[in-house]
Every structure is written in C-alpha cells, then in structure tokens.
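If you want the building blocks of each chain, they are given just below.
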Amino acid sequence: MKPKVYIETFGCQMNVADTERAATGLRRSGYELCDSEAQADVVLLNTCSVRERAEHKVYTRIGEVKAARPNDRNLIVGVMGCVAQLEGGELFKQLPSIDIVIGTRATDRLPALIERARDGERKVIDLGERDDQDHGWDVSPVERHSPHVAFIPIIEGCNKFCSFCIVPYSRGRERSRTPSEIIAEIQRLQSLGYREVHLIGQNVNSYRPRVETGLEGFAGATPFCRLLRAVAATGMPRIKFTTSFPRDFHPDIVAAIEENENLCDWIHLPVQSGSDRILKLMRRGHTRDEYLKRIEHIKNSRRRLALTSDIIVGFPGETDQDFNDTLALIRECEYDGLYIFKYSRRSGTPAASLAETVSESEMKARFNELEAVQREAQRKIYAGYVGRTLSVLAERGSTRSASDLVGHSTCHKVVNFPGDDAVEGDIVNVIVTEAKTNSLYGMLVNRSSVA
Ligand code: 5AD
Ligand code: SF4
C-alpha cells in the first residue's frame, strides 16, 4: 500500500499553490494524497506567519494531530511554509514531536525528506534554495484546489521590506518565472477546461524574468504589462492577478485591461495607511498622494474597475490624526472590499524594535470604526449592482443552500444564484436581485457564450 499524505494549508494563495505543487511531486514519487489526517501516514502543515495569530495555529494544530493518535509511533508530522522557514531547527525544540521542517523553497525535495524520516532519521530539515528556478512548477490538475479556477505563481518572494512585514524573510528575494513557461501552463489549463486563472505573487507587478522568451511581439511599459497582454492572447476566458504593489503600479496595466476583455475588472492595491507619516515608518515607498494618483487612474478607466485594499491599524506610533487620515482615504477611495488587520509585531522585522503605542482596546476601536465606514461605502457600491447583469463563473454548490451555486463575477464579487450541477463550471449571466454586505444574490439569465 502506498503511504498516505495529508497536507493542511494555512494563509495566502501562494501557500495554496505550494501545496498543489508539493502534492504533485509526492504523488509522482509514489505517495497517495488524502483529505483527512485520520487516514494519513504523514501529516504536513503548510504554515503562515504573517500575523501572530496565524503562527499560533501551527502549535495548536500539531497538538491536536498528536493528541488524536497518541500511540501511533509511525505517524510522521512535518511543518512546511513560512513558519518552517523562519523558525528552522528551533521548531524541533518548541515542538519536539515533529519529524520534518521544510522551508518555503524546499517543497520539491519533500519526497526525499519524507523518505529519510520514514527510514528513521530524526529532525529532518531543509531550508535550502530551489534546485532550479525554472523547473518543478508543474501542478497536476487533480491537485488543484478547483477544477475551474487555477492559481499560477508568476513571482515568488519580496524585495520591498515594508517595516512590519515578515514575508521578505520567510519567502526570500523576488524570483520571477519564465514567461514562456507561464503561458504554456495557461494553454494547458485551457485545454483541460479551466475558465479562470489568477496570476499570483506577493507583488505581481514587480514581475521581472531573467529571460523574456514568450513575450516577443507583446508591447507594454513593463515586463508585467507585456505578460498580461501575452496571457490575454491565450484566450483563457478570465484572467485575474493579485497582489499589486502601489509603487510599481504602471498606468499601462489599466490600458492592458481596457484592451482585453478577458483581463478582469478587479485590482487589489493595498495601501496599508492613509497617513504619510505612517507610510514612511512602514517604509512603503509611496506617499498618500502617489497612491491616490494611481487610484485616480484606475477610477478614470473606460471600464469600471473594482478596487480592493489592505489596511493595518495600530502600527507603532499611529496617532488619532494618522488614523483619521486613513479613514479619510478609505472614504475617498470607495473600495469594493477592504481587508483590515490589527498590527501584529513580527520579530525580526524593522518595526519590531518600535515601541507599540496603540493599546489593544484602541486598536480594536479603530478596527471597528474603519470597518463601519467601509461597510457603509460597500453597501452603496453593492446596492448599485442590483438590476445589473454580471458574468459569473459557477464555481461550486453553495454550502448554505443545496439549490444554490456560488461563484465570482469578473469584478471578483461573490455571487450566489439558484442553479443545478449542470451549470457548474460554466460562465453564466446572472441578474443581481439582492445585495448583501459581502456578496450578491441573483438569478440566472441565460447560458452565456463568453468562452
Ligand atoms: N501585522 C498586521 N498585518 C500585516 N500584514 C502584513 N504584515 C502584517 C503585520 N505584521 C497585512 C498587510 C498585507 C496583508 C497580506 O497582511 O496588510 O497587505
Ligand atoms: Fe510584505 Fe511589503 Fe512585501 Fe507586501 S510588499 S509582502 S507588505 S514586504
């Protein structure tokens, strides 16, 4: 019998993509993947360390996994992802029951690492770099998180070193994938029936491959703009990309979206704060005005582009005035969605040495106030969709109602509508009948012939 591996994924889309990639390699090496830890011979946790709460989950989960099988001496437990990369060998001290620590660039070597642990080696660890940057990206369709939507990493790592952020340390420097490889992967996915791809990376618009093979014949102000046009030319019905970094957000990205219907009408452009003073302390590399200029450009596009952002409240030194600047910016930008985070001190980052001046209760109050302002802005935006017809990819059955399907619009809104399995995987037109806080409800108009 083949040994069974269960991988549990925390955190961002990059971790989801890494899990898919790890699963592909493991299956190729003779392992079976399973969906529950109870049947598994090997349990791997793919971890996130962006905030303290995310990191804590690893410790809780390891405890639970071990507690469920206290006498199982053959069970192998491994920690992969950002916590593994950051903590390294220290993890064996904090979690003596784990067997393997796998860094963020060691995923492709997982089969050999597990083999070593199965052979009885203790404390197996690999925090090394990728063997070959240009290979090992392929993901088998059975391992993808959805049969209709695929995540495609185009750039890994981060060179920005925002002062609060652990990512440059957990994921290393920016490394871009070769365009020809990305394009070939999308063509393959298209022939398999995928309807939507998300080009993913910590900063997709900082994309800078070593060679530009595959981009010949595509114009654009930056390699990312050329990649967008090249990917659009594959004819994949829907293409989304996330996350964009404000400083590198060239207006030509908007032009590329205007020129290509299949480049979706949604941009995620995190601002983090509306105060110049805090932006500077955060080392974001952009001012409030510079950010707002980019927003203006996006808002002036011929297509209405949905806009979402991230905010951190309670960064060290954030005063009432700084927070009010953030509130004002949020009102001005009229985001379609906002992810608000309470500042979480990450040891090893430059901000960790700053005195934390905002109390937990003040942080919570700011969080709530911001959320209320956003909810109101969002209510208006969402209400504006009632009566409009959206193109929706029917991704899966709704967990709330057996007769409903759920999917996303091109502008990345969650849309629920009555429909049966036969429609799943199709791009359909849905007329919106009701707006909720974070989703829309509607009725199927007809089968669209978008693809
Ligand atoms: N504390 C709180 N939020 C953080 N983020 C990143 N690092 C931290 C931190 N130390 C948020 C940022 C980023 C998002 C992915 O997570 O808003 O854009
Ligand atoms: Fe973190 Fe800043 Fe890099 Fe985003 S751009 S991953 S916030 S360091």
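Residues numbered from 1 in each chain as written. Chains lettered and ligands numbered in written order. Predicted model: local features only at pLDDT ≥ 70, side-chain atom pairs only at ≥ 80, totals over all residues. Heavy atoms only, no water.

Enquirer: A description of the overall build of the protein chain should follow, citing residues and the corresponding values.
Expert: Scanning the protein chain from N- to C-terminus turns up 13 helices and 19 strands. Computed over its C-alpha atoms, the radius of gyration of the protein chain comes to 22 Å, within 12% of the 22 Å expected for a compact globule of 451 residues. With respect to the three principal axes, the spread of C-alpha positions in the protein chain is 60 × 55 × 50 Å. Counting over 451 residues, the protein chain shows a buried share of 57%. When contacts within the protein chain are restricted to residue pairs at least 6 apart in sequence, long-range pairs at least 24 apart make up 71% of them. (Helix = DSSP H or I, 4+ residues; strand = E, 2+ residues; numbered from the N terminus. Rg over C-alpha atoms; globule rule 2.2 N^0.38 Å. Buried < 20%, exposed > 50% of the residue type's maximum accessible area, 1.4 Å probe, protein only. Contact = heavy atoms within 4.5 Å.)

Enquirer: Just give me the short version of helix 2 (residues 52–68), but keep the residues and values in it.
Expert: Each α-helix turn comprises 3.6 residues. Residues three or four places apart therefore point the same way. For helix 2, with 17 residues, the first-to-last C-alpha span of 25 Å sits near the 24 Å given by 1.5 Å per residue. Inspection of helix 2 places A54, E55, V58, R61, I62 and V65 among the buried residues, and these make up the whole buried set. Down the axis of helix 2, the buried set is contained in an arc of 110 degrees. They therefore lie on one face. For helix 2, exposure combined with an orientation more than 90 degrees from the buried face picks out R53 and A67. The inward-facing, buried residues of helix 2 contact strand 1 (4–9), strand 3 (42–47), strand 4 (76–81) and helix 3 (82–87). (Expected span 1.5 Å × (residues − 1). Arc of directions from axis to C-beta.)

Enquirer: So, the packing of helix 8 (residues 223–232) against helix 9 (residues 251–259): which residues are in play, and what are the values?
Expert: Relative orientation of the contacting elements helix 8 and helix 9 amounts to 10 degrees, with a least axis distance of 9 Å. Classified by the angle between their axes, helix 8 and helix 9 sit roughly parallel to one another. Along the contact surface, helix 8 presents F224, C225, L228 and R229, while helix 9 presents D252, I253, A255, A256 and E259. A per-class count over the contact of helix 8 with helix 9 returns six nonpolar, no polar and three charged. (Axes fitted to C-alpha atoms, helices over the stretch in contact; angles between N-to-C directions. Parallel < 35°, antiparallel > 145°, perpendicular 65-115°, else oblique. Nonpolar A, V, L, I, M, F, W, Y, C, P; charged D, E, K, R; others polar.)

Enquirer: Tell me about the site of ligand 1, and please be specific about residues and values.
Expert: Around ligand 1 sit V50, R51, F164, Q272, D310, I312, F341, K342, Y343, S344 and R346, and that is every residue in its neighbourhood. Taking R51, its side chain carries an N or O atom lying 2.9 Å from an oxygen atom of ligand 1. Separating a nitrogen atom of ligand 1 from a backbone N or O atom of F164 is a distance of 3.0 Å. For ligand 1, whose free accessible area comes to 400 Å², the fraction covered by protein is 85%. A class-by-class count of the residues in the shell around ligand 1 yields five nonpolar, two polar and four charged. (Near = heavy atom within 4 Å. Polar contact = N/O pair within 3.5 Å; in protein donor to acceptor, adjacent residues only side chain to side chain. Areas by Shrake-Rupley, 256 points an atom, 1.4 Å probe, with all protein chains shown as cover.)

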